[in-house]
Amino acid sequence: MALPACAVRAFEPPPQPERGAPARTTCPRQHSRVEAELAASRPGSVAASVRAGPPRGVSHGFHSRPLLDKPRKASSSLAGAACAPLFALLSRGRRRRMHVLRRRWDLGSLCRVLLTRGLAALGHSLKHVLGAIFSKIFGPLASVGNMDEKSNKLLLALVMLFLFAVIVLQYVCPGTECQLLRLQAFSSPVPDPYRSEDESSARFVPRYNFTRGDLLRKVDFDIKGDDLIVFLHIQKTGGTTFGRHLVRNIQLEQPCECRVGQKKCTCHRPGKRETWLFSRFSTGWSCGLHADWTELTSCVPSVVDGKRDARLRPSRNFHYITILRDPVSRYLSEWRHVQRGATWKASLHVCDGRPPTSEELPSCYTGDDWSGCPLKEFMDCPYNLANNRQVRMLSDLTLVGCYNLSVMPEKQRNKVLLESAKSNLKHMAFFGLTEFQRKTQYLFEKTFNMNFISPFTQYNTTRASSVEINEEIQKRIEGLNFLDMELYSYAKDLFLQRYQFMRQKEHQEARRKRQEQRKFLKGRLLQTHFQSQGQGQSQNPNQNQSQNPNPNANQNLTQNLTQNLMQNLMQNLTQSSSQKENRESLKQNSGKEQNDNTSNGTNDYIGSVEKWR
């Protein structure tokens, strides 16, 4: 059986290239171009019958020229004559893979050329710009055109380093008020971390009279026992941030377990599978969305101990805490939140065992939400729960008939609500203010004896601060929230008085510890002094006997003198604190009387020493 001519030529030995012909190149683009030319120049070959040109989809390269119909020189056309039939007999998949490799090689070379030329142009332009700047600054002394290669590289490196630093700074500090830029290392006095955070005067003048029991908030919270912290979260007061601090930022023996992607954390007591925190991020909205004082006080005990028998329920201490905010800022923040589609429809508003009816609590909008509402429409709704929200959520609504406005006159109702909110706030275990983050952290740590890992951050720019309102609108918002304005003034005064009281108490305790350390050191000093004297006398017994014929009497005298010295020293130390406080009154007395009053123990000491000698 005779083979076809194409197969016979495929199995023939490849012809040897002519002497002087260039060797076959290894570049894939050279292969494709030469093979295509040979296929086109040989009409009887199989490659010419398949296709007479470069493979479909293969580019000619960045520097390559379009293929010509006429053959090139013999030396270049004969370079790949041996492999032309073999390339035509390759499978279609093999040829496709070769085409892809060639295309990638073309794109890589193109990118490298563009990158090289772009960097060269950038360096050339920077060189000329910096050269012009240096020539203007330094005059004839600077000749950038004659700079050597090392100087150019150094200058380019400095410019690139500066650009990199600018990019990193923009990523780290995207805002205008970057904390890293507030360098205070060069300032000589160290500022107080609890300084006035609202940029007001640091000196506080109290308006209300509170007792010592109202100011001293020291809760004996036993996390291993049955006590429970209940967080009353009022809308748009920064409660979300404070709630995250409670579950993620407290130093505990058994920290809360917070998983990625989940809002709730597991906050168990050490050694128990029972929570110590009742909040949004630990137990969820178990009593309803943003439950108020009336709902929490009736709901929390049943939720925590509802599955237990009434006789087996432990006697718990429920420590209620909350966060308040400036009423105008809170009102504007809630309006912006409602504009974005918030409704809080899941709030139950349960009071006296039942939720309010639609007549008692009408809605301000008819659709699914109130998104996009203007501020005027938000203020015009008479049933808007944003008005005086903080007073309503902190008061006992059962005192005024819950949401039934016909129980008592409006003026009397407002008075009862305000007094109830003040009383509940004053008797809470703790409350903080959004405008005083560091002071809030300090009072919480002192109240519950629990320390946070990282300090709180005071954010002065919020969504409410970005809203520009005139004086007329601000007065109207204050009028709509007149109960909240009165409550916030009361809460701010109580908060700052508690802070000052706790700071003074801390300073007094530190002063008392220093005084005790001084007393201890003075006692140790006297003890070592008399021990050294006793050792010196025991080393020279003969000399002591010759000088003192009665050694027993001398020893008794020494013991009596030591006791007198210790008694006088203790009296002087106890009187030192009172003498410092009455220093101004003592300066008015005569010098003789002052010396007599302040040196009684010293005269006794000197007289006893002279008698012993």
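See the structure above.
### Description of the overall build of the protein
Next up, step 1: Each helix and strand in the protein was counted, giving 22 helices and 4 strands.
Next up, step 2: The proportion of buried residues among the 613 residues of the protein is 32%.
Next up, step 3: In the protein, 73% of the contacts between residues at least 6 apart in sequence involve partners at least 24 apart.
Next up, step 4: Approximately 40,000 Å² of the protein is accessible, and the part contributed by carbon and sulfur atoms is 54%.

### What about the nonpolar core?
Next up, step 1: Formed by 70 residues in total, the largest nonpolar core has its most connected members in Phe-242, Trp-276, Leu-296, Ile-321, Leu-394, Phe-444 and Phe-448.
Next up, step 2: With 11 residues, helix 17 (residues 482-539) is the largest single contributor of residues to this core.
Next up, step 3: Apart from the residues within four sequence positions on either side, Leu-296 is in contact with Val-230, Phe-231, Leu-232, Phe-278, Cys-287, Ala-291, Pro-301 and Tyr-320.
Next up, step 4: Core analysis: the next-biggest nonpolar cluster, separate from the first, contains 18 residues, Trp-344, Trp-370, Cys-373 and Val-467 among them.

### Observations concerning the pairing of strand 3 (residues 318-324)
Next up, step 1: The element strand 3 is largely enclosed, with a buried count of 6 among its 7 residues.
Next up, step 2: Pairing analysis gives 5 bridges linking strand 1 (residues 228-232) to strand 3, with the strands arranged parallel. Residue pairing in the sheet places Leu-228 in a bridge with Phe-318 of strand 3.

### Some thoughts on the state of the cysteines
Next up, step 1: Applying the stated criterion across every chain, the model contains 5 disulfides.
Next up, step 2: The disulfide partner of Cys-256 is Cys-267, and the gap between their sulfur atoms is 2.1 Å. Taking the torsion about the S-S bond as the criterion, the Cys-256 to Cys-267 disulfide, at about 120 degrees, is right-handed. Of the two residues, Cys-256 is situated in the loop between helix 9 (239-248) and strand 2 (277-278) and Cys-267 in the loop between helix 9 and strand 2; the sequence distance between them amounts to 11 residues. With respect to class, Cys-256 is no different from Cys-267; both count as buried.
Next up, step 3: Across the disulfide from Cys-351 sits Cys-402; the S-S distance is 1.9 Å.

### A word on the packing of aromatic side chains
Next up, step 1: Applying the stated criterion across every chain, the model contains 20 aromatic pairs.
Next up, step 2: Taken together, a centroid distance of 5.9 Å and an interplanar angle of 85 degrees make the contact between Phe-242 and Phe-444 edge-to-face. Taken together, the residues span a long stretch of sequence, with Phe-242 in helix 9 and Phe-444 in helix 15 (residues 437-448) at a distance of 202 residues.
Next up, step 3: Measuring from ring centre to ring centre gives 6.3 Å for Phe-242 and Phe-456, while their planes differ by 85 degrees; the resulting arrangement is edge-to-face. Of the two residues, Phe-242 sits in helix 9 while Phe-456 sits in the loop between helix 15 and helix 16 (471-480), which places them 214 residues apart along the sequence. By the burial criterion, Phe-242 is buried, and Phe-456 matches it.
Next up, step 4: Connected via pairs of aromatic rings, a cluster forms that spans Phe-221, Phe-231, Phe-242, Trp-276, Phe-430, Phe-444, Phe-448, Phe-452 and Phe-456.
Next up, step 5: Sitting over the ring of Trp-344, Arg-389 keeps its end group 5.6 Å from the ring centre.
Next up, step 6: Sitting over the face of the ring of Tyr-442, Arg-503 holds its NZ or CZ atom 5.6 Å from the ring centroid.

### Remarks on the sheet that holds strand 3
Next up, step 1: In spatial order, the strands read 2-1-3-4; together these 4 strands make up an open sheet with parallel pairing. Edge strands, defined here as strands with exactly one partner in the open sheet, are strand 2 and strand 4 (430-433).
Next up, step 2: Those strands touched by helix 15 are strand 1, strand 3 and strand 4, and its axis lies near 170 degrees from that of strand 4.

### Focus: the side chain of His-349
Next up, step 1: In this structure, His-349 sits in the loop between helix 11 (327-339) and helix 12 (375-380).
Next up, step 2: Once residues lying within four places of it in the same chain are set aside, the contact partners of His-349 are Glu-295, Arg-354, Pro-355, Pro-356, Leu-361, Leu-385, Arg-392 and Tyr-403.

### Considerations on the pairing of strand 1
Next up, step 1: Burial within strand 1 is extensive, with 5 of its 5 residues counted as buried.
Next up, step 2: Here strand 1 shows a buried face lined by Leu-228, Val-230 and Leu-232 and a second buried face lined by Ile-229 and Phe-231.
Next up, step 3: In the sheet, strand 1 pairs with strand 2 via 2 bridges, with the strands oriented parallel. By the bridge assignment, Ile-229 is partnered in strand 2 with Leu-277.
Next up, step 4: As a crossover connection, the stretch from strand 1 through helix 9 into strand 2 is right-handed.

Criteria and thresholds
Residues numbered from 1 in each chain as written. Predicted model: local features only at pLDDT ≥ 70, side-chain atom pairs only at ≥ 80, totals over all residues. Heavy atoms only, no water. Helix = DSSP H or I, 4+ residues; strand = E, 2+ residues; numbered from the N terminus. Buried < 20%, exposed > 50% of the residue type's maximum accessible area, 1.4 Å probe, protein only. Contact = heavy atoms within 4.5 Å. Areas by Shrake-Rupley, 256 points an atom, 1.4 Å probe, with all protein chains shown as cover. Core = buried A, V, L, I, M, F, W, Y, C linked by side-chain atoms within 4.5 Å. Pairing = 2+ DSSP bridges. Disulfide = S-S within 2.5 Å. Phe/Tyr/Trp six-rings, centres within 6.5 Å; stacked < 30°, edge-to-face > 60°. Lys NZ or Arg CZ within 6 Å of the ring centre and 35° of its normal. Axes fitted to C-alpha atoms, helices over the stretch in contact; angles between N-to-C directions. Right-handed = clockwise from strand over helix to strand, strands pointing away.

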